[in-house]
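Reading the structure
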Amino acid sequence: MLKPWSAAALLLALPLSACGVLGVPRTVPLGVVKVSLPATVSATAPLQVDVRVGVGSCEDTNHRLTLISRTAQVLALKAEATETRPGAVCPAVYTETTLSYTDSGTLARTDPFEVIVNGKVWGKVRVQ
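Residues numbered from 1 in each chain as written. Predicted model: local features only at pLDDT ≥ 70, side-chain atom pairs only at ≥ 80, totals over all residues. Heavy atoms only, no water.

1. Here we look at the pattern of salt bridges
For the coordinates displayed, the defined rule picks out six salt bridges. Arg52 is paired through a salt bridge with Glu96; the nearest N and O atoms lie 3.4 Å apart. Taken together, the residues Arg52 in strand E4 (residues 47–55) and Glu96 in strand E7 (residues 95–103) connect sequence positions 44 residues apart. Since its relative accessible area comes to 33%, Glu96 is described here as partly exposed. Note that Asp103 and Arg109 form a salt bridge whose closest N and O atoms lie 2.8 Å from each other. In the salt-bridge network here, residues are joined through shared partners; they are Arg64, Lys78 and Glu80. (Salt bridge = Lys/Arg side-chain N within 4 Å of Asp/Glu carboxyl O. Helix = DSSP H or I, 4+ residues; strand = E, 2+ residues; numbered from the N terminus. Buried < 20%, exposed > 50% of the residue type's maximum accessible area, 1.4 Å probe, protein only.)

Following this line, the structure appears as structure tokens:
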């Protein structure tokens, strides 16, 4: 038998221990479906990267591409979202959306210029 104070502590602790019950926002990766790049670009011209991602949760918001690193040879991006209501019950709906990132070309690119999204190489752009 639980003592009165331990029963109250248990009732208070249950919501805290359940996965995502408190709804603390967190960053989650998005599934990348396709990455579109131009075949060629000049060393310093803007370069647009279009990333098609799958979105299937009502709790994911603020879908974005985040710059991880940029060198003369590589552009590394992360497709992610903010999960605002972890543990929410959502209908099973899958949609896709396109996120875009424009690299300014401020650091001159060298040939070939590689584009990585979520840790995977999605292509190389020829620098002319």
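That covers the picture; the talk isn't over yet.
2. Let's talk about the nonpolar core
In this structure, Val49, Val51, Val53 and Val117 are the most contacted members of the largest nonpolar core, which totals 22 residues. Among the elements of the structure, strand E2 (31–36), E4, strand E6 (74–83), E7, strand E8 (113–117) and strand E9 (120–127) are those that each provide at least two residues to this core. The greatest single-element share of this core, amounting to five residues, is contributed by E4. Beyond its immediate stretch of four places on either side in the chain, Val49 contacts Val35, Ser36, Leu37, Leu65, Leu75, Leu77, Leu99, Ser100, Tyr101 and Val115. (Core = buried A, V, L, I, M, F, W, Y, C linked by side-chain atoms within 4.5 Å. Contact = heavy atoms within 4.5 Å.)

3. Section: the sheet that holds E4
Ordered by their spatial adjacency, three strands build an open sheet running E2-E4-E7, and the pairing between neighbours is antiparallel. For this open sheet the edge positions go to E2 and E7, each flanked by a neighbour on one side alone. Strand after strand, the sheet turns through a mean of 25° between neighbouring axes, direction not considered. Examined bridge by bridge, E4 and E7 share nine bridges and lie antiparallel to one another. Within E7, the position partnered with Val53 by the bridge is Thr97. (Pairing = 2+ DSSP bridges. Axes fitted to C-alpha atoms, helices over the stretch in contact; angles between N-to-C directions.)

4. Some remarks on the confidence of the model for the protein
Of the residues in the protein, 76% reach a pLDDT of 70 or more, and the chain-wide mean stands at 83. No element of the protein has a lower mean pLDDT than helix H1 (residues 4–17), which averages 48, and none a higher one than E8, which averages 98. Residue range residues 9–20 is modelled with pLDDT below 50. Its contacts to residues more than four positions away, or to other chains, number seven contacts. (pLDDT = per-residue confidence, 0-100.)

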